[in-house]
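Single-letter residue listing:
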Amino acid sequence: AGGSMQAVTRMWAARRPACRLGVRWFSAELEAIRNIGISAHIDSGKTTLTERILFYTGRIKEIHDVRGKDGVGAKMDHMELERERGITITSAATYCNWKVGDQLAHINIIDTPGHVDFTIEVERALRVLDGAVLVACGVGGVQAQTVTVDRQMKRYDVPRIIFVNKLDRYGANPFVVLSQIRQKLGLHAAALQIPIGEENKYAGVACVISRKAYLFDGEKGSSMRVDEVPAELKGQLEEVRNELIEHLADIDDEFAEAYLEGELTEQNFHDAIRRGVISLKFCPMLMGSAYKNKGVQNLLDAVVRYLPHPAEKRNIAFDLDNDEEEIEVQPADPKAPFVGLAFKIQEHPQCGQISYLRVYQGKLSKGDSIVNLGNNKRHTVRRLIRMHSNEIKDVETVGAGDIVAIGGFECESGTCFTDGKVKWAMASMYVPDPVVSLSVSCKGRDEMARFQKALKRFVKEDPTFRVHVDEETQETIVSGMGELHVEVYAERMRREYGLTITTGAPQVHFRETITERADFDYQYKRQSGGRGQYGKVIGYIEPIPEEDDKYMTNEFVNDLTGNDVPPNFHASIQKGFQEVSVNGQLSGHRLLGCRYVVTDGAAHEVDSSDIAFRLAAAGGFQQAFPKAQPIILEPIMKVEITVPSEFQAAGLQSLTHRRGSITNTMPIPGDAVTVEALVPLKDMFGYSNDLRSATQGQGEFVMSFEEYQPMTSDQQEVLVQKYKDKLAGREVEQ
C-alpha cells in the first residue's frame, strides 16, 4: 500500500525528508521512531534492499553493488572482506527518515548477516529491536537460515513484516513462498500485494487494500506511477483481498465488526494489520525486487504503518536491589531514570572502541555520568555517536527508544548502564556454544603482542568466538560457529594486524552424557599432619528427561536435610560438581544432560572445608559416572544443498557418503532441486570443495546446528581410545 492513491505519476524524491539528519532526530517524538532489523537467509538480498532504502530516503546519493564490482560496494558492507566475498560478516547500523501521509518516521536500521556462522550478529540485533523485516527469496523461498532467523525473532517477540524479494528472477513465485512461510514457520501470514508481470517482465505490484497498481519507472526506480490494476489481474487481486479479510477477521474483532457492518475502508485494513503485527498474531507479506528497484517504497510505507514504536514493545528489566524483581521499562516517561544496554562493541579507526547502545528509558547526553552494572564503575560519556555504516556523527543527546554508539571507555558486549538512580539490568541475549575449533599461531615472538591484542579484541567483540590454550600442547585454540567463522577471523588478523597466521585442523566440540541412574557414596579424607581434610557425600546421578532439553545443560539438586552436612558447605558440593563436569571421563569433553542429586553426607567439625567438599562432590561423580552407562554426543548439522536436477544423484551421494540422513527432497523452479539432510559436523569439513567438484561448480549448501545425538559405538570407541592415548602420553611425559 502506498501513500496517497491518485492515479498520477509521483516522484519519490518528494518523500525524502527535507531536514538535516543528525539534528532533527533528538527532538523527535517517541511514536515516530522505528527500530528495525533486516534479516534473512544468505543471498536473499538483505544488503541490496538496505542500499535501496538508504537511496530512496536520501541517505546516500548513489546505489552500488554488494560485491563492490564498481570499486565502491554497498554502503552497509564496509569491510573489505565483505565486499570481496559478497556476504555480510558483521551487522551494521544506519538511520533514515520516511514520510507516509503526514507522518514523518525516523528509522534506525540494522543490516544483519545471513550466514549461519555469524548468527550472533542477528541474535544481538533482534535483542534490542522493536520490529524486523524478514526477507525471503522469491525463488529459494523459506531456507535453512530463514527458519533460524524466524526462531530468533520468536525468542525476543519481535513483530515482523515479510518481504519476498527477487521477483524478477526466473521461477520466482511469491505465493509458493507464502505457503512455505505458513507451513515451515507456522506464521499467520497473508499477502498485501500481487505481482504485476513475471520474471524479466516484472513491473511492480498491485495493492489489495487500495486496489491500485504501483509501477516503477525512471532511473533506479525513483519514480513510482500509481495506476489502475490491469484487467487480467483484477480477479486474482479480489481473491487475495478476500483471503486477507478472512485472516484479519479471524484475529481482530474490531476489523470483523467493521466488515460485518458494511464497506471496509483502507484505514480499517491498516489499523487491523498494525494491531495484528504488534500483538504477534499476524505477518503481512509484501513483495518486490530490490535489485531491480521495485517495491521498496511500498515496504517503507509498511514499516512506518505496521511496525511498533518503542513504547509499543514491552521490555522487562530486573531490579538488582529487589531480588531481581521484574519491572517494565517506561520509555514514554521523560523523567524516568536512564537505562541502556550495550549490545555490540567494535573497534573504530577514528574512535577506538565504540559500544552500540539501545536507550530503553530516560535520556542520555554527552558529559553524563553513567554506571556500568557489570562492575559498578562510573564512566563519563565523552562521545555520543550516530552510526551510518562505518561513518560517525557526533550528537549531543538521545532519548528513550533510540539506538546510538558511545565512545571514550571500554565495556563488554551485553553490559547494562544506568544513571545510578536505579540498578535495573536488562535480560541478556542468547549466546550459542561454538561448534568448531582449530589451532592458530603467529610467526615469531615479534608478532606475539599483536597476535594477543587481536585475539583479545575479537573475543570482546564476538561472544561466540572463544580462545583458550591447550594444557598439553600449549597451542592457542580458537572456537567459533563454523569453518567460515574462524577462517574470517584468521584472515582479519592477517589484514588488520599484519600477522602471519597459520591454522591447524578443525576440531569438533563433542559432549558427554549418561543414560542410566547410578548411586555414589564417597568419602574424601586426607591427613598429613596438623589439620586434615574431610567431606562425605551420598546421592546419585541420573539423565535429565528428553522433554527437559536434555542436552542443553546439567542440573544440581540439593536434597540434604538436617545438619550432617552444614549448610555452608552445600554450595561447595554444587561447585565441585560444576568443576568436574567441565571435562568428561570418556573423551575429555564437557558433560551435558546430567542431574546430580545429593541426599546425605557427613562432616568433621575441624577437618571439613570448602575444598574438601568440592573434592568429595567430584569424587562422588567420578565414582558413579562409569556405572551410569555414559555415551558421547556429537553435533548434528541441518544441511541444505541446492543443485541442478541433473546432479541430484551426485548431491545425494555426497551427503550419504558423509553419514548424512536425507530428510527432504524438493524440486524448485529453474530445473533445480533442494535436498535437506542431517549430517554429523565432523564429517562436513571440506564438503564445499567436494560438492563443487560433484556438480561442476553449480552446487551450493548451507548448514546450521540442529542438535546433539549419540555417536555410533564404533565411532565412540575411536574417540575414547584417542583420549586414552593422549592421557597416556601426558603421563609418560610427566
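Shown above is the structure to which this text applies.
Asks: Whenever I open this one, the overall build of the protein confuses me. Can you help?
Replies: Helices and strands together make up the secondary structure of the protein, namely 16 helices and 39 strands. In terms of overall dimensions, the protein is globule-like: its C-alpha atoms have a radius of gyration of 29 Å, near the 27 Å expected for 734 residues. Expressed as a percentage of its 734 residues, the buried residues of the protein come to 57%. Considering only intrachain contacts with a sequence separation of at least 6, the fraction spanning at least 24 residues in the protein is 72%. Charge separation in the protein, taken as the distance between the mean sites of 86 positive and 104 negative side-chain charges, equals 6 Å.

Asks: What should I look at first to understand the sheet that holds strand β35 (residues 594–602) in this one?
Replies: Sheet strands associate in pairs through backbone hydrogen bonding, adopting either a parallel or an antiparallel arrangement. Read across the sheet, four strands follow the order β32-β33-β35-β34 without closing on themselves; strand pairing throughout is mixed. Where the open sheet ends on each side, the last strands, each with one partner, are β32 (518–526) and β34 (555–558). Adjacent strand axes in the sheet meet at a mean angle of 25° when their direction is disregarded. Inspection of the sheet shows β34 paired to β35 by four bridges, in the parallel sense.

Asks: Any chance you could explain the packing of aromatic side chains here in plain terms?
Replies: Describing an aromatic ring pair means giving the distance of the ring centres and the angle of the ring planes. Applying the stated rule across the entire model yields 15 aromatic pairs. Considering the side-chain rings of Phe-343 and Tyr-356, the 6.1 Å spacing of their centres and the 50° angle between planes classify their relative orientation as tilted. Of this pair, Phe-343 sits in strand β15 (residues 339–348) while Tyr-356 is found in strand β16 (residues 352–361), placing the two residues 13 residues apart along the sequence. By relative accessible area, which is 3% here, Tyr-356 ends up buried. Between Phe-569 and Phe-613 the ring centres are 4.9 Å apart and the planes differ by 25°, which places this aromatic pair in the stacked class. Taken together, the residues Phe-569 in the loop between β34 and α12 (570–580) and Phe-613 in helix α13 (residues 610–624) connect sequence positions 44 residues apart. Both residues of the pair, Phe-569 and Phe-613, count as buried. The ring of Tyr-95 has Arg-59 sitting right over it, with the charged end atom 4.5 Å from the ring centre. Over the ring of Tyr-360 we find Arg-358, and its NZ or CZ is 4.7 Å from the ring centre.

Asks: Help me understand the nonpolar core in this model?
Replies: Proteins that are soluble and globular tend to have nonpolar side chains buried together. Within the largest apolar cluster, 116 residues are counted, with the highest numbers of intra-cluster contacts made by Leu-49, Ile-107, Ile-181, Leu-244 and Leu-248. No other element matches helix α9 (residues 296–306), which puts seven residues into this core. With sequence-adjacent residues up to four places away left out, Leu-248 is seen in contact with Phe-255, Phe-269, Ala-272, Ile-273 and Phe-282. Counting 50 residues, the second-largest nonpolar core is a separate cluster that includes Leu-586, Leu-591, Val-598 and Ala-617.

Asks: Can you help me understand the pairing of strand β10 (residues 212–217) in this one?
Replies: Counting buried positions over the six residues of β10 gives five, a clear majority of the element. The pairing of strand β9 (residues 204–207) with β10 spans four bridges and is antiparallel. Note on β10: the bridge partner recorded for Cys-207 is Lys-212. Between β9 and β10, which follow one another and run antiparallel, lie four residues, and Arg-211 among them has a positive phi close to 60°.

Asks: What am I meant to see in the packing of α12 against α13 here?
Replies: How two helices sit against one another is set out by the angle between their axes and by the gap between those axes. Interaxial distance between α12 and α13 falls to 7 Å at its minimum, and their mutual angle equals 50°. Judged by the angle between their axes, α12 and α13 are oblique. The way α12 lies across α13 gives a crossing that is right-handed. Two secondary-structure elements touch here, α12 through Ser-572, Ile-573, Lys-575, Gly-576, Phe-577, Glu-579 and Val-580 and α13 through Asp-610, Phe-613, Arg-614, Ala-617, Ala-618, Phe-621 and Gln-622. Here the residues of the contact of α12 with α13 sort into seven nonpolar, three polar and four charged.

Each value, and the rule that gives it
Residues numbered from 1 in each chain as written. Predicted model: local features only at pLDDT ≥ 70, side-chain atom pairs only at ≥ 80, totals over all residues. Heavy atoms only, no water. Helix = DSSP H or I, 4+ residues; strand = E, 2+ residues; numbered from the N terminus. Rg over C-alpha atoms; globule rule 2.2 N^0.38 Å. Buried < 20%, exposed > 50% of the residue type's maximum accessible area, 1.4 Å probe, protein only. Contact = heavy atoms within 4.5 Å. Lys, Arg positive; Asp, Glu negative; His and termini not counted. Charge placed at Lys NZ, Arg CZ, Asp CG, Glu CD. Pairing = 2+ DSSP bridges. Axes fitted to C-alpha atoms, helices over the stretch in contact; angles between N-to-C directions. Phe/Tyr/Trp six-rings, centres within 6.5 Å; stacked < 30°, edge-to-face > 60°. Lys NZ or Arg CZ within 6 Å of the ring centre and 35° of its normal. Core = buried A, V, L, I, M, F, W, Y, C linked by side-chain atoms within 4.5 Å. Parallel < 35°, antiparallel > 145°, perpendicular 65-115°, else oblique. Left-handed = near helix turned anticlockwise from the far one by under 90°. Nonpolar A, V, L, I, M, F, W, Y, C, P; charged D, E, K, R; others polar.

Nothing here speaks to function; it is geometry throughout.
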